[in-house]
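# Examination of the molecular architecture
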Amino acid sequence: MCAQNNRNKLVCVVGPTAAGKTKLAVDIALAFGGEVVSADSMQIYRGMDIGTAKPSPEEMRGVPHHMIDVADPNEDYSAARFGDEAGTVIDDVLERGKLPVIAGGTGFYIGAVLNPDGFAPRPENDEIRKELQKLADAKGVDAVFEILKREDPESAEKIDKNNLKRVIRAIEIYRTCGMTRAEFLSSRPSEKRRNTIMIGLNVVPRERLYERINLRVDDMMARGLLNEVRALLENGVRENGTAMQAIGYKELVPAIRGETDIGTAVALIKQRSRNYAKRQLTWFKRDAGTVWFEHTGGNDFEKTIEIIKKYIKDKLQEE
RNA sequence: AGGGGUAUAGCUCAGCUGGUAGAGCGGCGGUCUCCAAAACCGCAUGCCGAGGGUUCGAUCCCUUCUGCCCCUG
């Protein structure tokens, strides 16, 4: 069952957290001679293993994994940077005649690799961001939104005034390249989407998925998540950085400080993970090209994997 | 056992002197083109503990019962 990947195709496994993407990706890689490319905004950080459910060497089963442990927790990573770096990795895997298997839960990052031109060029200007942020702190989000209404009224219609991040970004685009956001987006090269076999993996019904999430959080705690967070803090990882926004980490910090008890923190981690899973589902369901496969988290998972492998085999043979 | 308090959405509680109810959290749905495990938006919660009474009308007043909490013994 080792089809040759000579058409620059790649497989992408998406789905909510705890659905089994890691295992599926390795199974696929093993079956078709592939390498896994993680598309996860938190697994990129070194020192964050348990809480991000990073695959262990055993779980990797000899399959090369990329885009894991590529950044320091104090770095500010971004979707654009991921798009560049993962894109390079994918091209490299393809050149070696292997099948890239993208697996991950960060839809935004997946978009950044799959539509490489959609993210570049990308004007940026930290000064503008900081200035606007300062204005927001001093006079509130409305003050910043007023600027957007004046400079790019079209975007102001689309972006909610409370969504400061996006409001700032739109103003940043307008000021750095003299175009409105809409003009800027359409000015870039048309999106050359990579030739991707999109696989959606989900656990059904929803309660089963949530059960799995809850159990996995308990398992993470049992395996020492608390110490992992402690170690990060001791190593001086910034608490307001992107890395420490990860679910499972930000909730445990107050527990370590004794400001809240562990039980409360764990319950919150479970809840936030469930909310996150829902957001992932919402994101991934938008892509009409994704073919979904469901399992109940029981014995049927193996059968589902076989079905998926068969599906991929057919797809790889198509012209 | 006696005295006091309380009973309203899954949870914590609002509801001025009677006109069939709201906030937060959670839940559900959605948005997303360099912070995305982030940020943001929308929707619905309900025999207002049970029975009786007063009233045109009771979540609100009276009464009985039940549950819970506190005090005294």
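Let me sum up the structure you'll find in this document. Quantities reported herein were computed from a predicted structural model and do not represent experimental measurements.

### Description of the protein's contact with RNA strand B
- Taken together, 43 residues sit near RNA strand B, with Ser-41, Pro-123, Lys-165, Arg-279 and Arg-286 positioned nearest.
- Of what RNA strand B places within 4 Å of the protein, 64% of the atoms are sugar or phosphate.
- For RNA strand B, a base nitrogen lies 3.4 Å from a polar atom in the backbone of Ile-247.
- A distance of 2.5 Å separates a phosphate oxygen of RNA strand B from a polar atom in the side chain of Lys-278.
- Where the surface near RNA strand B is concerned, the elements lending two or more residues are helix 3 (79–95), helix 4 (107–114), helix 8 (164–177), helix 9 (181–187), helix 10 (206–222) and helix 13 (262–285).
- Among the elements that make up the surface near RNA strand B, the one with the highest residue count is helix 13 (seven residues).
- In terms of residue class, the surface near RNA strand B is made up of 14 nonpolar, 13 polar and 16 charged.

### Overview of the packing of aromatic side chains
- A full pass over the atoms with the stated rule returns four aromatic pairs.
- Between Tyr-77 and Tyr-109, the ring centres sit 6.4 Å apart and the planes meet at 40°, which makes this aromatic pair tilted. Separated by 32 residues along the polypeptide, Tyr-77 in the loop between strand 3 (65–66) and helix 3 and Tyr-109 in helix 4 bring together distant segments of the chain. For the pair shown, Tyr-77 and Tyr-109 are each scored as buried.
- Aromatic rings pair up to connect Tyr-77, Phe-82 and Tyr-109 into one cluster.
- Directly above the ring of Trp-283 sits Arg-286, whose terminal nitrogen or CZ lies 5.4 Å from the centroid.

### Some points on the packing of helix 10 against helix 13
- It is the contact of helix 10 with helix 13, at a shortest axis distance of 10 Å, that shows an interaxial angle of 135°. In terms of orientation, helix 10 lies oblique with respect to helix 13. Regarding helix 10 and helix 13, the two cross each other, and that crossing is right-handed. Judged by residue contacts, Arg-206, Leu-209, Tyr-210, Ile-213, Asn-214, Val-217, Asp-218 and Met-221 of helix 10 engage Ile-262, Val-266, Ile-269, Lys-270, Ser-273, Arg-274, Ala-277, Lys-278 and Leu-281 from helix 13.

### Comments concerning helix 5 (residues 126–139)
- For helix 5, built from 14 residues, the straight-helix expectation of 20 Å at 1.5 Å per residue is met to within 8% by its first-to-last C-alpha distance of 20 Å.
- If you follow the buried residues of helix 5, they end up packed against helix 6 (141–151) and helix 8.
- The residue sitting at the N-terminus of helix 5 and contributing the capping side-chain oxygen is Asn-125; that oxygen lies 3.0 Å from the backbone nitrogen of Glu-127.
- Count one or two residues on from helix 5 and you reach Gly-140, which has phi positive near 95°.

### Thoughts on the sheet that holds strand 3
- Pairing is parallel across the open sheet formed by six strands, whose spatial order is 3-2-4-1-5-6. With one partner strand each, in any of the chains shown, strand 3 and strand 6 (291–295) form the two edges of the open sheet.
- Sitting on the sheet, helix 4 is in contact with strand 1 (10–14), strand 4 (99–103) and strand 5 (196–203), with an inclination near 165° to strand 1.

### Looking at the pairing of strand 4
- Within strand 4, five of the five residues are buried, which leaves it mostly tucked inside the rest of the structure.
- Residues Leu-99, Val-101 and Ala-103 point to one face of strand 4 and Pro-100 and Ile-102 to the other, with burial holding for every one of them.
- Of the pairings in the sheet, the one linking strand 1 to strand 4 comprises three bridges and is parallel in character. Paired with Val-11 across the strands is Val-101, a residue of strand 4.
- As paired elements, strand 2 (residues 34–38) and strand 4 share five bridges and run parallel to each other. Residue Glu-35 lies in a different strand from strand 4, and its bridge partner there is Pro-100.

Definitions and cut-offs
Along each chain, the written sequence defines residue order, and numbers are assigned to residues from 1. For naming, the first written chain is A and the first written ligand is 1, with later ones following in the order written. Local features in this predicted model are restricted to residues of pLDDT 70 or higher, and side-chain atom pairs are both shown and tallied only at a pLDDT of 80 or more, whereas totals for entire chains, interfaces and linings draw on every residue. Values reported for side chains reflect all heavy atoms of the structure, with hydrogen atoms and water molecules removed beforehand. If a single non-hydrogen atom of a residue is within 4 Å of a molecule or strand, that residue counts as near it. Any N or O atom pair separated by 3.5 Å or less is treated as a polar contact, with the protein-specific requirement of one donor-capable and one acceptor-capable atom, and with residues adjacent in sequence counted only for side-chain atom pairs. For helices the rule is a DSSP run of H or I covering at least 4 residues; for strands it is a run of E covering at least 2, with both sets numbered from the N terminus onward. Lys, Arg, Asp and Glu make up the charged group, whereas Ala, Val, Leu, Ile, Met, Phe, Trp, Tyr, Cys and Pro make up the nonpolar group; the residues left over, Gly among them, are polar. By convention, a stacked pair of Phe, Tyr or Trp rings (six-membered ring in the case of Trp) has centres within 6.5 Å and planes under 30 degrees apart, an edge-to-face pair has planes over 60 apart, and any other such pair is tilted. Each residue is assigned to one of three classes by its accessible area relative to the maximum for its type, calculated with a 1.4 Å probe on protein chains only: buried under 20%, partly exposed between the two thresholds, exposed over 50%. Charge over a ring is defined by NZ of Lys or CZ of Arg lying within 6 Å of the ring centre and within 35 degrees of the ring normal. Axis lines are fitted through C-alpha atoms, for helices just across the contact stretch, and the angle between N-to-C directions can take any value from 0 to 180 degrees. Any angle between 65 and 115 degrees counts as roughly perpendicular, while under 35 counts as roughly parallel, over 145 as roughly antiparallel, and the rest as oblique. Left-handed describes a crossing in which the near helix is turned anticlockwise from the far one by less than a right angle; the clockwise case is right-handed. Here, residues are in contact when the closest pair of their heavy atoms is within 4.5 Å. Expected span of a helix, by definition, is 1.5 Å for each gap between consecutive residues, and there is one gap fewer than residues. Strand pairing is assigned whenever DSSP identifies at least 2 bridges connecting the two strands.

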